[in-house]
Amino acid sequence: MDYSFKDPTPILLYTPKELMEKIVQRVEKERLKQNITQEELSEKTGIPVATYRNFVYKKQISLITFIKILKKLRMEDALRLVVDTPIEEEIAETLEVLEEKRKKERKRARKKN
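Note that the coordinates shown come from a computational prediction; the quantities given were computed from them, not determined experimentally. Along each chain, numbering runs from 1 in the same order as the chain's sequence is written. Reporting of local features is limited, given that this is a predicted model, to residues whose pLDDT is at least 70; pairs of side-chain atoms are given and counted only at 80 or more, and all residues count toward the totals for whole chains, interfaces and linings. Side-chain figures throughout are based on the complete set of non-hydrogen atoms in the structure, without hydrogens or water.

Draft legend 1. The nonpolar core, seen in detail. By nonpolar core we mean a set of buried residues, namely Ala, Val, Leu, Ile, Met, Phe, Trp, Tyr and Cys, connected to one another through side-chain atoms within 4.5 Å. The buried label goes to any residue with under 20% of its type's maximum accessible area, the exposed label to any with over 50%, and the partly exposed label to all in between, with areas taken from a 1.4 Å probe on protein chains only. If you look at the biggest cluster of nonpolar residues, it comprises 14 residues, and the most contacted ones within it are Val27, Leu41, Tyr52, Phe55, Ile69 and Leu73. Look past the residues within four positions of Phe55 in its chain and what remains in contact with it is Met20, Ile23, Val24, Val27, Gln60, Ile61, Phe66 and Ile69. Contacts are assigned to residue pairs that have any heavy atoms within 4.5 Å of one another.

Draft legend 2. The arrangement of the side chain of Ser42 in detail. Take Ser42: it is sitting in helix α2 (residues 38-45). Given a relative accessible area of 5%, Ser42 falls into the buried group. Dropping the residues within four chain positions of it, Ser42 is found in contact with Ile47, Pro48 and Val49. Helix and strand assignments follow DSSP, with helices taken as H or I runs no shorter than four residues and strands as E runs no shorter than two, numbered in order from the N terminus.

Draft legend 3. Representation of a nonpolar patch on the surface within the structure. Taken together, the side chains of Ile87, Ile91, Leu95 and Leu98 present a nonpolar region at the surface, about 360 Å² in accessible area. With respect to the helices, strands and loops of the structure, Ile87 is situated in helix α6 (residues 87-104). Overall, Ile87 belongs to the partly exposed group, its relative accessible area being 35%. The patches reported here contain residues having more than 30% relative accessible area and no salt bridge. Joining distances are 9 Å for like charges and 5 Å for nonpolar side chains (Val, Leu, Ile, Met, Phe, Trp, Tyr). Areas reported here follow the Shrake-Rupley algorithm with a probe of radius 1.4 Å; residue values treat only the protein chains shown as occluding. Within this document, salt bridges are pairs made up of a side-chain nitrogen of Lys or Arg and a carboxyl oxygen of Asp or Glu, the two lying within 4 Å of each other.

Draft legend 4. Representation of the packing of helix α1 (residues 16-33) against helix α3 (residues 49-58) in the model. Every axis in this analysis is a line fitted to C-alpha atoms, fitted for helices over the stretch in contact. Angles between the N-to-C directions lie between 0 and 180 degrees. At their nearest, the axes of α1 and α3 sit 9 Å apart, and the two run at 125° to each other. When the axes of α1 and α3 are compared, the pair comes out oblique. Taken together, the residues of α3 that come into contact with α1 (itself represented by Met20, Ile23, Val24, Val27, Glu28 and Arg31) are Tyr52, Phe55 and Val56. Residues were grouped as follows: Ala, Val, Leu, Ile, Met, Phe, Trp, Tyr, Cys and Pro as nonpolar; Asp, Glu, Lys and Arg as charged; and all remaining residues, including Gly, as polar. Of the residues belonging to the contact of α1 with α3, the class tally is seven nonpolar, no polar and two charged. For classification purposes, an angle smaller than 35 degrees is called roughly parallel, one larger than 145 roughly antiparallel, one from 65 to 115 roughly perpendicular, and anything else oblique.

Draft legend 5. Up close: a positive patch on the surface. The charge count treats Lys and Arg as positive and Asp and Glu as negative. His and the chain ends do not count. We put the charge of a Lys on NZ, of an Arg on CZ, of an Asp on CG and of a Glu on CD. Taken together, the side chains of Lys44, Lys71, Lys72 and Arg74 define a basic patch exposed on the protein surface. By the element assignment, Lys44 lies in helix α2.

Draft legend 6. Spotlight on the pattern of salt bridges. Scanning the model with the defined rule gives four salt bridges in all. Glu21 serves as the salt-bridge partner of Lys59, at 3.1 Å between the closest nitrogen and oxygen. Separated by 38 residues along the polypeptide, Lys59 in the loop between α3 and α4 (63-72) and Glu21 in helix α1 bring together distant segments of the chain. On the accessibility criterion, Glu21 (30% relative accessible area) is partly exposed. Arg102 is the partner of Glu99 in a salt bridge, and the nearest nitrogen-oxygen pair spans 2.6 Å. Of this pair, Glu99 and Arg102 both sit in helix α6, separated by three residues, roughly a single helical turn. On the basis of relative accessible area, Glu99 is assigned to the partly exposed category, the value being 31%.

Structure follows, in structure tokens:
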């Protein structure tokens, strides 16, 4: 997914309220694109429908809840922009952890013939 902004306005010129509106628009656009109702998204994320509606209409949400929504909508790239971890680096780190786990696993001796 490409998360580059097409709006030429520098992000620093937006008020927090305006930024939140843009974020809500982006999430809602993706939700509708995936043909998921607010109720279905609520069920899949385990958050109350009222909480999601507060996000959409009142522009209020906790960070944890926002992350759950982004992950469920497969918008992890938006999170990656914030934490600044390229996917290639993330995959490499994961593979290293798995390799270390594999090395630590007990190996069984085989009978010699």
